[in-house]
Amino acid sequence: MNKKAFIFDLDGVIVDTAKYHYLAWQKIASELGIEFTPEHNEELKGVSRVRSLDIILNLGKINASQQDKDRWLVQKNEDYLGYLVHMDESEILPGVLPVLQYLKAKNQAIALGSASKNARPILEKVNIISYFDAIVDGNDVTNAKPDPEVFVQAAKLLNARNEDSIVFEDSVAGIQAANTAGMTSIGIGEESILHEAQFNFKDFTHIETSFLDVLIKK
């Protein structure tokens, strides 16, 4: 049996920091006179900070200098980090911890594959960084999802083949990245949105240990 790699996205999978991203982006959009709704925010899931800003500027049909863009990117991150200061274990999404604990008990390799550049401090804040054998985040990659770079790097760090890697994702871009890499994709969220995933679960409370056993033995 080949070594498996269980790779988790962060935002919307382990913790719901999407709400903090939304508030920080909404503040910038508001200052620029752009209407930015929760529906618009869905388009930013799994997308890099730079690309997210471009999407928002396109919404308002705004052409901006690189200097202005850089200033807004810094402002957004500072506002976002201000929200993160108050994070604790209560921010872990339902069912995540039992899955991590089960995989750890089964001696499975676990990695984080996230576009977030704040992944490490977030994992420390919610006190689960010890579960991860490898962490690949926005500081470690040059290509954003749907490019599979973040997941491919994570699999390599765990000495696992792509075909033996299982990815938990809540974004369309993340599912596409996992599929492109030839990994098993598991969508966490609405199946109607994540229909490209090989498996779908509303959240981790719906994932049985028997399902995890099948993945381990696959």
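Everything here concerns the structure above.
Residues numbered from 1 in each chain as written. Predicted model: local features only at pLDDT ≥ 70, side-chain atom pairs only at ≥ 80, totals over all residues. Heavy atoms only, no water.

Caption draft 1: Just the packing of helix α3 (residues 49–59) against helix α4 (residues 66–84), in detail. Their axes nearest at 11 Å, the elements α3 and α4 cross at an angle of 110°. Taken together, the axes of α3 and α4 lie roughly perpendicular to each other. Crossing angle aside, the handedness with which α3 passes α4 is right-handed. In contact with R49, V50, L53, D54 and L57 of α3, α4 contributes K69, W72, L73, K76 and N77. Across the contact of α3 with α4, the residue classes break down as five nonpolar, one polar and four charged. (Axes fitted to C-alpha atoms, helices over the stretch in contact; angles between N-to-C directions. Helix = DSSP H or I, 4+ residues; strand = E, 2+ residues; numbered from the N terminus. Parallel < 35°, antiparallel > 145°, perpendicular 65-115°, else oblique. Left-handed = near helix turned anticlockwise from the far one by under 90°. Contact = heavy atoms within 4.5 Å. Nonpolar A, V, L, I, M, F, W, Y, C, P; charged D, E, K, R; others polar.)

Caption draft 2: Broad picture of the pairing of strand β2 (residues 109–113). Along β2, five of the five residues are buried, which leaves the element largely enclosed by surrounding structure. Along β2, one buried face is formed by A109, A111 and G113 and the opposite face, lined by I110 and L112, is buried too. In this sheet, β2 lies alongside strand β1 (residues 5–8) in parallel orientation, the contact comprising four bridges. Note that in β2 the partner of A5 across the bridge is A109. Here β2 runs beside strand β3 (residues 134–136); their pairing, made up of three bridges, is parallel. Note on β3: the bridge partner recorded for G113 is V136. (Buried < 20%, exposed > 50% of the residue type's maximum accessible area, 1.4 Å probe, protein only. Pairing = 2+ DSSP bridges.)

Caption draft 3: Representation of the packing of aromatic side chains within the structure. What the rule picks out here adds up to eight aromatic pairs. Ring centres of Y20 and Y83 lie 5.6 Å apart, and the angle between their planes is 10°; on these two criteria the pair is classed as stacked. Taken together, the residues Y20 in helix α1 (residues 18–31) and Y83 in helix α4 connect sequence positions 63 residues apart. For Y20, a relative accessible area of 12% gives the class buried. The class for Y83 is partly exposed, based on a relative accessible area of 32%. Here Y22 and F36 contribute two aromatic rings whose centre-to-centre distance is 5.6 Å and whose plane-to-plane angle is 35°, an arrangement assigned as tilted. Taken as a pair, Y22 in helix α1 and F36 in the loop between α1 and α2 (38–42) lie far apart in primary sequence, 14 residues in all. Note on accessibility: Y22 and F36 belong to one class, buried. Through pairs of rings, three or more aromatic residues link up here, namely F8, F132, F168 and F204. One Lys or Arg, K76, reaches over the ring of Y80 and ends 4.6 Å from the middle of that ring. (Phe/Tyr/Trp six-rings, centres within 6.5 Å; stacked < 30°, edge-to-face > 60°. Lys NZ or Arg CZ within 6 Å of the ring centre and 35° of its normal.)

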